Amino acid sequence: MAVLKKFATHLKVSDFLKEADLSSSVRDLKTEGFQVVFPSTPLNEILAEAFQGKTVYVADEEEKLLGVVDVSKVLKALWQALLVVESQLETLLGTVHDAVTIINDQDEVVGWSRRSVEMYGITPEEILGQKINKFFSSLVVTQVIKNGDVRDSYHQPCENTHVLINASPVKIGGQVIGSLGAERDITETVYLHNELSKASSKVRLLQAEINKITPQDDGFAKIRGKSKLMQEVLDLARRVAKTNASILITGESGTGKELFAEAIHLESRRKEGPFVIVNCDAIPASLFESELFGQRGSLEKEGKLLLAHGGTIFLDEVDGLQPDMQVKLLRALQAKKVYPVGGQEPIAIDVRVIAASSRDLKKLIQQGTFREDLYYQLNVVSLNIPPLRHRKEDIPDLVYALTREFSNAYGAIKEIEPELMTILLNYPWPGNITELRNVVERLVILAEGEALAVKNLPEPLVKWKDNAGNLNSSNLNELTDRTEREVILQALEKVNGNKSQAAKLLGIPRSTLYYKLKALKIL
């Protein structure tokens, strides 16, 4: 409220002068105990004297008396300033979307916004001047008087109401005279999120039952890739799957980190248990604690860590965890116990943790946004999934597999235009497998016959093709030869020149490889 601050500090005594008997000298007045100030003296410096009924004289620098401070003018200005402040506060309380509550140091309500009336059904006439604990049993706005600010904290002020609250003590100088709280209603968000969690859990349980009925011999069967890079990652994943070690999966977005996590679970001793996914970046920070650890009270909810008991929890995009939740997660994993929000007793948990991040956690540690102790808790074994552009020899197999998959849904595809495969092999795939999957699905849907065609490519690939040069028939053979040459050389390098192993890696007969070596002048 800038009006009162201006009144207290910016106004000068010269604004409140009146004539008086000025026959005495400044020296005589000071001797008699009167306060004598300059015209430029801030008004707040003489208010105490003026309101005690003492006369305050005003003189210039040459000690010429100019008059006295007119207390009636001061009171009139103060009253006008208070009316302005009151009008501004009333307008604020009637305008803001948050439910605003203001209390004094006796916990009496002195401010109650229009949104508070709508949220709680309590009128200003009912609550103003009353103790707030007559209406609410769970209070944050009273706690901040002693404990200080609260920012974006989840709070349940009464049954069936959930809010995010910001609250601060109200002070004059260093003295606390009350507090103010602003609450944003998130009740609908909480209930929708709970319903979504229930639905997701049912889907996971159903999938687990289906897997029991039709078990897969190999949990990694869905992961495709014959390149050396992928084979190295798959070999390591298979080895650690049988253990109970925590695993940190890194790699760019779209490389298939969730697919690896699920495959590890299916190949582990916990495969009969639940596989619970938590996207740390998608859940609002205010709901994350109850989402992870559960909640007790009017809204009972099992936390994801407890739902994963006996199985695996996959913490996707773990770099999105807020610092306070990093601490609580670390404690829970170390103690193997969780404390539900609103609960009093700890609950033991037995879960295997697989975490994933598309960002460099070591850099985040250096920046102070990710805890180093949590990093080492999660990173007993690390798997780095290579981007698609580093294993282009896997692209044909992926394209054919995805084409077969989408053909079952949209119609049979029997061939792929040679020019199209050349484009797919050379494109850098910034979105990795996810982008490739979307592109192939589009190509199958838009296919006019039984062949995937260049003309149905999405805009990003069309722009890339145009920038890379027109892939028409005149240079198609050249691009195809260059692509084949690069793929064959990469395969030979990975197997240290062993042609039999290179042919196996490429998925072609050894005779075909020898023909290609000669035709492409690699020999």
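Now for the overall build of the protein chain. The helix and strand tally for the protein chain stands at 22 helices and 20 strands. Long-range pairs, those at least 24 residues apart, make up 63% of the contacts in the protein chain between residues at least 6 apart in sequence. A total accessible area of about 28,500 Å² is found for the protein chain, and carbon and sulfur atoms account for 51% of it.

Counted residue by residue, helix α10 (residues 257-266) has seven buried out of ten residues, so it is predominantly covered. Of the residues making up α10, those classed as buried are K257, F260, A261, E262, A263, I264 and H265.

What follows deals with the packing of helix α16 (residues 395-410) against helix α17 (residues 418-426). The contact between α16 and α17 brings their axes to 10 Å, and the two run at 120°. Our classification of the angle between α16 and α17 gives oblique. Here α16 runs over α17; the crossing is right-handed. Here α16 contributes I395, P396, V399 and Y400 to the contact with α17, which in turn contributes M421, L424 and L425.

What follows covers the packing of helix α11 (residues 285-293) against helix α13 (residues 323-335). Where α11 meets α13, the closest approach of the two axes is 11 Å, and the angle between their N-to-C directions is 10°. Considering their axes alone, α11 and α13 lie roughly parallel with respect to each other. Within the contact between the two elements, α11 uses F288, E289, L292 and F293 and α13 uses M325, K328, L329 and A332. Of the residues that constitute the contact of α11 with α13, the class distribution is six nonpolar, no polar and two charged.

So, about the sheet that holds strand β1 (residues 17-18). Strand order in the open sheet formed by four strands is β1-β4-β3-β2, and the pairing between neighbours is mixed. With one partner strand each, in any of the chains shown, β1 and β2 (35-37) form the two edges of the open sheet. Where strand β3 (residues 56-59) and strand β4 (residues 65-69) come together, three bridges link them in antiparallel fashion. The residue of β4 that forms the bridge with Y57 is V68.

Right, let's get into the sheet that holds strand β11 (residues 275-279). Within a sheet, adjacent strands bond to each other through the backbone by hydrogen bonds, running parallel or antiparallel. Pairing within the open sheet is parallel, and its five strands lie in the order β11-β14-β17-β10-β18. In the strand order of this sheet, the two ends are held by β11 and β18 (381-384), each with one partner. Put simply, the sheet's adjacent strands are angled 20° from each other on average, direction ignored. Of the pairings in the sheet, the one linking strand β10 (residues 247-250) to strand β17 (residues 352-357) comprises four bridges and is parallel in character.

Attention now goes to the pairing of β17. Counting buried residues along β17, six of its six residues qualify, which places the element largely inside the surrounding structure. Side-chain alternation along β17 places R352, I354 and A356 on one buried face and V353, A355 and S357 on a second face that is also buried. Note that strand β14 (residues 312-316) and β17 share four bridges and pair parallel. Paired with T312 across the two strands is R352, which belongs to β17.

Our next topic: the packing of aromatic side chains. The tally for this structure, following the rule as stated, stands at seven aromatic pairs. Pairwise contacts between aromatic rings join Y427, W429 and W464 into one cluster.

Here α17 lies mainly inside the structure; seven of its nine residues are buried. Turning to α17, its buried residues are L420, M421, T422, I423, L424, L425 and N426.

To continue, consider the pattern of salt bridges. Within the structure shown, the criterion is met by 17 salt bridges. Notably, a salt bridge pairs R359 with D319, separated by 3.7 Å at the nearest N-O pair. Of this pair, R359 sits in the loop between β17 and α14 (361-367) while D319 sits in the loop between β14 and α13, and the two are 40 residues apart along the sequence. Put simply, R114, R115 and E118 are held in one network by salt bridges that share partners.

Okay, a nonpolar patch on the surface next. Taken together, the side chains of W79, L82 and L83 present a nonpolar region at the surface, about 300 Å² in accessible area. Along the chain, the position of L83 falls in helix α4 (residues 71-95).

Next up on the list: the nonpolar core. With 33 residues, the main nonpolar core has V278, L292, L305, I313 and L315 as its most contacted residues. Mapped by element, the contributors of at least two residues to this core are β11, α11, β14, α13, β17, α14 and α15 (372-378). For this core, the element with the highest residue contribution is α13, accounting for five residues. Residues within four places of L315 in sequence aside, it is in contact with V278, C280, L292, L329, V353, I354, A355 and A356. I395, V399, M421 and V439 belong to the second largest nonpolar core, which has 25 residues in total.

What follows concerns the confidence of the model for the protein chain. Of the residues in the protein chain, 86% reach a pLDDT of 70 or more, and the chain-wide mean stands at 82. Model confidence for the protein chain, summarised as mean pLDDT per element, is weakest for helix α1 (residues 2-10) at 56 and strongest for β10 at 96. Confidence drops under a pLDDT of 50 for residues 470-476, and excluding neighbours within four residues, the segment shows nine contacts in the predicted structure.

Structurally, S246 can be placed in the loop between α9 (228-241) and β10. Using a relative accessible area of 15% as the deciding quantity, one classes S246 as buried. Beyond its immediate chain neighbours, meaning those up to four positions away, S246 contacts V353, Q377, L378, V380 and V381.

Structurally, V110 can be placed in strand β6 (residues 109-112). Judged by its relative accessible area of 48%, V110 falls in the partly exposed class. Between the C-alpha atoms of V110 and L180, which are 70 residues apart in sequence, the distance is 9.8 Å.

Here the focus is unusual backbone geometry. Even without glycine at this site, K336 takes up a positive phi of about 60°. If you trace the backbone, K336 turns up in the loop between α13 and β15 (337-338). The exposed category is assigned to K336, whose relative accessible area is 55%. The backbone phi angle of W429 is positive, close to 50°, even though this residue is not glycine. In this structure, W429 sits in the loop between α17 and α18 (432-446).

Rules used throughout
- Throughout this document, residue positions are counted from 1 along each chain, in the order its sequence is written.
- Reporting in this predicted model follows two pLDDT cut-offs: at least 70 for local features of residues, and 80 or more for side-chain atom pairs to be given and counted; totals over whole chains, interfaces and linings ignore these cut-offs and use all residues.
- Heavy atoms throughout the structure, all of them, feed into the side-chain values; hydrogens and water do not.
- Only DSSP runs of H or I with at least four residues qualify as helices, and only runs of E with at least two residues qualify as strands; both kinds are numbered from the N terminus onward.
- The criterion used for residue contact is that any of the two residues' heavy atoms lie within 4.5 Å.
- Throughout, the Shrake-Rupley method with a 1.4 Å probe supplies accessible areas, and for residues the shown protein chains are the sole cover considered.
- For every residue, the accessible area (1.4 Å probe, protein chains only) is compared with the maximum for its type, and the residue is labelled buried under 20%, exposed over 50%, or partly exposed between those bounds.
- Throughout, an axis means a line fitted to C-alpha atoms (over the contacting stretch in the case of helices), and angles, computed between N-to-C directions, take values from 0 to 180 degrees.
- With respect to orientation, any angle under 35 degrees is reported as roughly parallel, any angle over 145 as roughly antiparallel, any angle of 65 to 115 as roughly perpendicular, and every other angle as oblique.
- Crossing handedness is read from the near helix: turned anticlockwise from the far helix by less than a right angle, it gives a left-handed crossing, and turned clockwise, a right-handed one.
- Throughout, the ten residues Ala, Val, Leu, Ile, Met, Phe, Trp, Tyr, Cys and Pro are labelled nonpolar, Asp, Glu, Lys and Arg are labelled charged, and all others, Gly among them, are labelled polar.
- Should DSSP find at least two bridges between two strands, the strands are taken to pair.
- Stacked, edge-to-face and tilted are the three classes for Phe, Tyr and Trp ring pairs, Trp counted by its six-membered ring, which pair at centre distances within 6.5 Å; planes under 30 degrees apart are stacked, over 60 edge-to-face, the rest tilted.
- Only one rule defines a salt bridge in this text: a Lys or Arg side-chain nitrogen within 4 Å of an Asp or Glu carboxyl oxygen.
- Exposure above 30% relative accessible area and the absence of a salt bridge qualify a residue for a patch, where like charges join within 9 Å and nonpolar side chains (Val, Leu, Ile, Met, Phe, Trp, Tyr) within 5 Å.
- In these notes, a set of buried Ala, Val, Leu, Ile, Met, Phe, Trp, Tyr and Cys residues joined through side-chain atoms within 4.5 Å is what counts as a nonpolar core.
- The predictor reports its confidence for every residue as pLDDT, a score running from 0 up to 100.

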